[in-house]
Structure formats: C-alpha cells, structure tokens
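Notes for the structure review
Listed below, chain by chain, are the residues.
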Amino acid sequence: MKMKHGNPISNFKATISAKTFLNAGTVSMFLKVPDVSFAPGQFIMLEAPGHTLKRPFVICSVKEGRLRIVFSIRGKGTKTLSELDTGTELDAIAPLGNSFPMPAKDKTVFLIGGGLGTVTMLPLAGQIKAAGIITIIGAKNGDELILADEFKKYGEVLISTDDGSCGKKGSSIDVFNEAVKKFKKNECVVYACGPNPMLRCLAGTIKKTGMECHVSMEERMACGVGACVCCVVKTEKGLKRSCKDGPVFNIGEIIW
Amino acid sequence: MVKAELFGKKLKSPLIMASGVFGYGDEYDFIDLGPIAAFCTKGLSLKPRDGNPMPRIWETEAGIINSVGLQNIGVNRFLEEKLPKVSGLPMEIITNFFGNTVEEYVEAASILSGRKGIFALEMNISCPNVKSGGISFGQDPHTVEKLTKAVKKVVDKPLIVKLTPNVTSISDIALAAEAGGADSVSLINTVKAMAIDVKTGKPVISGGLSGRAIKPIALKAVYDVSRAVKIPVIGIGGIYTAEDVIEFIIAGAKAVQIGTAIFSNPNVAADIYRGLMDK
C-alpha cells in the first residue's frame, strides 16, 4: 500500500529563503512554506515566474517550515528559477503524487540515483529505517556528481561516472549488479530514479533476481494533479499518470 | 457581470472549466469549486483511447502546445465510474465528446443523452473524419451541418458545438452548426502549432496552442461569430483574469471557458469571480 499524505495545499506562497549552487548547473534551494507534510517520493509544483506552467520538483526535506529542492538548469523555466533572489515569493502546490513504500526494518536498502535522479533518493535516505543503506550515484563525470557527501551520513556510497573521472568507470547499474551479489534477493529492497535507459537496464536485473524494486518516473507535466494526462507512463495496467498514479511505480509494472 | 444564463438555466457565474484541463471533474478536489458554474469533461469517445506518445506538452513563449491525442476512458466508463462521483459537486456537468465518423459521434451522443446529472453535451468537431481522408469535421460547413443534425436527432439535452479556429471563416462554420440545430457554439479550440528544438534540428511537438497567446485570436472569432449567429456563444482562449472575461462578454460571449490558466493557478476561477464582483 502506497502512502498518501493529506490533500495537496492549493497555491500557497513559497518564499525562497536560501539558494546555493552545488555545481555550475545545479541549484539547492530552500523555500519557506506553510505546514506541509510529505512522504519520500512526493513532489511540489512550483511557479517559474513568466512561464505558463509550474515545474515539478521532488521534495528533499521539510524542516522547521523550510522545504528543500535540488534542480538542474535544463531549460528556460529552471534557468529563471535559478536566477531568482532570496525573498522571492512563488505559487506552489504540494504535496503531490504517491510515495515510496517503506522497507521492513531488517532489509538492506539500495538507493540508486542517476544524474539528477539522485535527488529523489535523498528524502528516502533521511527517513528510511533499515539494516543498512547503500547509495549508488551515477554521473556523467566528476564535475556533475552531486550530493555524495550528504548520502555518506546514511551509509556506504558507491560512485560511477561515464568517463571514469570519479569512482568506477561505467554505469550505476553495473556497480549495483556487483554490490548486490553478496545479498539474497529477499534481504534487500531497491529504490531508483534516473534516466530511462538506466532504469530500463535496472529492470532487466530485477527481472532476473526477483528483488523488490520501486522507481520514480519523471515525465514532463502540466497540471501535476492528474487532470490533463500529459505525463503518462506505459504500464502493464495501461497508461498511468506519473503525477497522480505515480511518480513511484513498481519497476515490474513499467513497459519500457 | 457575475450572473449568467444558458439554455434557460440560471448559472451562478459565467465561468466554465474547459475540456481537457479538468479531467473528469474529480481531480481538483482541493480547490474552491464554489464560483465554477460548470465544467467540461475530457473529450469522450465511444471506445477508450490511448492518445499520443510523449512529449504531450511543450511550453512556448506565451502559452503551451499540447498533443495529448484525446486519451480518454470512453463514454461507458465515464458514466459508470466518474459520473456518480462528480454528480454531487456544486457545478453543472458538460460532457465533451468526439468521434472519427458520424456514426461514432451519434452513438457516443446517444449514450450520453438522457443521463441524469448531465447539463449539456459539447461536441468537439476538430477531429479528423476518417471517411474524408482525415480532414477535420469542423473545417467544412456542409459536414458540420450534417453532423450536428445527426447528433441533435438523438440528444435530448442542449448541444454545444465547439469550433476549431483552424478554418478560413469560423462564422460560416458557426452558421452551419446553428442550421444543424446546435443550441450553442463554444470557441475557440486550440490553434495548430509546432515547436522545434534547435539542438536536434527536429520538431519536438506538433499539436494545439493554448494560453495567453491565443486570446486576441479568440476575441476576434467570438466577436465575428456573435454577430453571425443567434444562438449563445461561449468564449474560450487565454482567459486568466476578470478583465479577460469582460472583454469576451463585450465581444459577445454569454459565458466563458477557462483552460490553460488553471495550470498556473488552480484557483483561477475563484480569483476571477472575486474580480468580477469588484467590477
């Protein structure tokens, strides 16, 4: 059973209270918000001033009324957001979407993040109670690697880069396939978010081993609440809306 | 400015949520529905449809291009699963529907007709007519009149015909709908559009443009059509504010539909309503 946290709060004001660049193209931003409770995997739709659509961001944490997001500058909307000053008020809707099912306490948890998908693993790392947490972060290169130090607080961190400039050369799924060898299938639960080719590759491994695995699917969204069906994902049960039926899906459900 | 009337029924406001942005009426359970007079369902077809591949949405300078491809659960599932859920909401229900042949239109309409809780039917005529080589029904006055007549025969509820702006003379199409027996016309549907990615050198989306960019196009269409037909005109296109609504009413609209604006502000109807009260 996937948890659902409360009704979304419509169009509250979120005020930028802090902004730091994790690297040239990635921003960590804190926003002052009203009382928002969330579960790992849920997201916030945030206004990008001057743009027609709000943008979805995974909620990393909410502490003392400050909600954190981490995003890359991918297009005009995220560029606008990255240039805003602290104190700017933005319209927001949150929390939205379903959330990751929590593992049993005796499991070892693998968190696999590819590129910006690493951000989606952060709230899980902060809230999971498990026998152990092993985080695997994949990036194009060392310069684009994000959040590795933050995950170290929660357990072992393994790194892969496409060019080998940091950690192991290759894909995060290669690293996972190696690391998971010492576990039996019912000893661990796998969570992942990243580019589709990476998740598709992971789906192959999971199909062979039969492990429990949940992924967060990121699609371009318009409404964020399930009304416009712009963000659908192909599943064995037909088309599902990543904003409302997801973004979290059992990896076995997805048709790649 | 706040009161409105359609088909002899007094409405609490002139504000209707447009088809496509409001699902089947059960998604926006967290906003103030009070000021919304009615909502149009997502376009319903006789059989469920999967719609188009991704991407289905693309932002442009002053609006969005969508290419959802009319994904929907079909008329029967709507009546079984959704209608009972949304019947209790404080808004009238307008079922938007479409087909790819005259027969499909007629059958979908006859299934929706006679169902309690449905205020009116809105017919989307922007779809390709498979029997005429895929040219949209809404582009030919003769086809529009014939289609409207055929559908009108099987429905006992007010029939709104939703017009595409992708035509030479929208007034001629509106007159054809009126001649076919339409009780109202709503306009405009999205404007054909495309976006191109300079990095790949290819189109990223081809679909319908909506939002602020199309408001002046819609105003002109509403102005012209209102002077051509006697049936009530419902204005649609880039409505964000109370002032926008007033402009459409001055152009000749009896009510308006709000679409894209709900994506930036889920409570846009309530905000517009307050704005209208102050005018």
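Residues numbered from 1 in each chain as written. Chains lettered and ligands numbered in written order. Predicted model: local features only at pLDDT ≥ 70, side-chain atom pairs only at ≥ 80, totals over all residues. Heavy atoms only, no water.

1. A few points about the overall build of chain B
- Helix and strand content of chain B: 8 helices and 14 strands.
- Taking 2.2 N^0.38 as the reference for a compact globule, 279 residues should give roughly 19 Å; the C-alpha atoms of chain B span a radius of gyration of 17 Å, in line with that estimate.
- C-alpha atoms of chain B, sized along the principal axes, occupy 50 × 50 × 40 Å.
- Among the 279 residues that make up chain B, the fraction classed as buried is 57%.
- Within chain B, counting contacts between residues at least 6 apart in sequence, those at least 24 apart form 67% of the total. (Helix = DSSP H or I, 4+ residues; strand = E, 2+ residues; numbered from the N terminus. Rg over C-alpha atoms; globule rule 2.2 N^0.38 Å. Buried < 20%, exposed > 50% of the residue type's maximum accessible area, 1.4 Å probe, protein only. Contact = heavy atoms within 4.5 Å.)

2. Describing the nonpolar core
- In terms of nonpolar packing, the biggest core is built from 101 residues, with Phe22(B), Tyr28(B), Phe97(B), Tyr105(B), Ile125(B), Leu187(B) and Phe263(B) touching the most fellow members.
- If sequence neighbours within four positions are ignored, Tyr28(B) has contacts with Cys223(A), Val225(A), Ala227(A), Val21(B), Phe22(B), Leu33(B), Ile262(B), Phe263(B) and Pro266(B).
- In terms of nonpolar packing, the next biggest core, distinct from the first, is built from 26 residues, Val70(A), Val109(A), Leu116(A) and Ile133(A) among them. (Core = buried A, V, L, I, M, F, W, Y, C linked by side-chain atoms within 4.5 Å.)

3. Some thoughts on helix H2 (residues 118-127) of chain A
- Judged by how many residues are buried, H2(A) sits mostly within the fold: 8 of 10 residues are covered.
- All buried positions along H2(A) are accounted for by Thr118(A), Val119(A), Thr120(A), Met121(A), Leu122(A), Pro123(A), Leu124(A) and Ala125(A).

4. Section: the packing of helix H2 (residues 102-112) of chain B against helix H3 (residues 141-154) of chain B
Residue and element names in this part refer to chain B.
- With their axes 8 Å apart at the nearest point, H2 and H3 run at an angle of 25 degrees to one another. With respect to each other, H2 and H3 are oriented roughly parallel. Handedness of the H2/H3 crossing: right-handed. On H3, the residues that touch Val102, Tyr105, Val106, Ala109 and Ser110 of H2 are Leu147, Ala150, Val151 and Val154.
- Its residues assigned to classes, the contact of H2 with H3 comprises 8 nonpolar, 1 polar and no charged. (Axes fitted to C-alpha atoms, helices over the stretch in contact; angles between N-to-C directions. Parallel < 35°, antiparallel > 145°, perpendicular 65-115°, else oblique. Left-handed = near helix turned anticlockwise from the far one by under 90°. Nonpolar A, V, L, I, M, F, W, Y, C, P; charged D, E, K, R; others polar.)

5. Focus on the packing of aromatic side chains
Residue and element names in this part refer to chain B.
- Across all of its chains, the model carries 11 aromatic pairs over all chains by this definition.
- Judged by centre distance (5.5 Å) and plane angle (45 degrees), the ring pair of Phe22 and Phe39 falls under tilted. A residue pair is termed long-range when its members are at least 10 positions apart, and Phe22 in the loop between strand E3 (15-17) and strand E4 (38-40) and Phe39 in strand E4 qualify at 17 residues. Judged on exposure class, the residue Phe22 and its partner Phe39 are both buried.
- The interplanar angle of 45 degrees and the centroid separation of 6.1 Å between the aromatic rings of Tyr24 and Phe78 together place this pair among those described as tilted. Taken together, the residues Tyr24 in the loop between E3 and E4 and Phe78 in helix H1 (residues 74-86) connect sequence positions 54 residues apart.
- Accessibility expressed as a relative area gives 9% for Tyr24, which makes it buried. (Phe/Tyr/Trp six-rings, centres within 6.5 Å; stacked < 30°, edge-to-face > 60°.)

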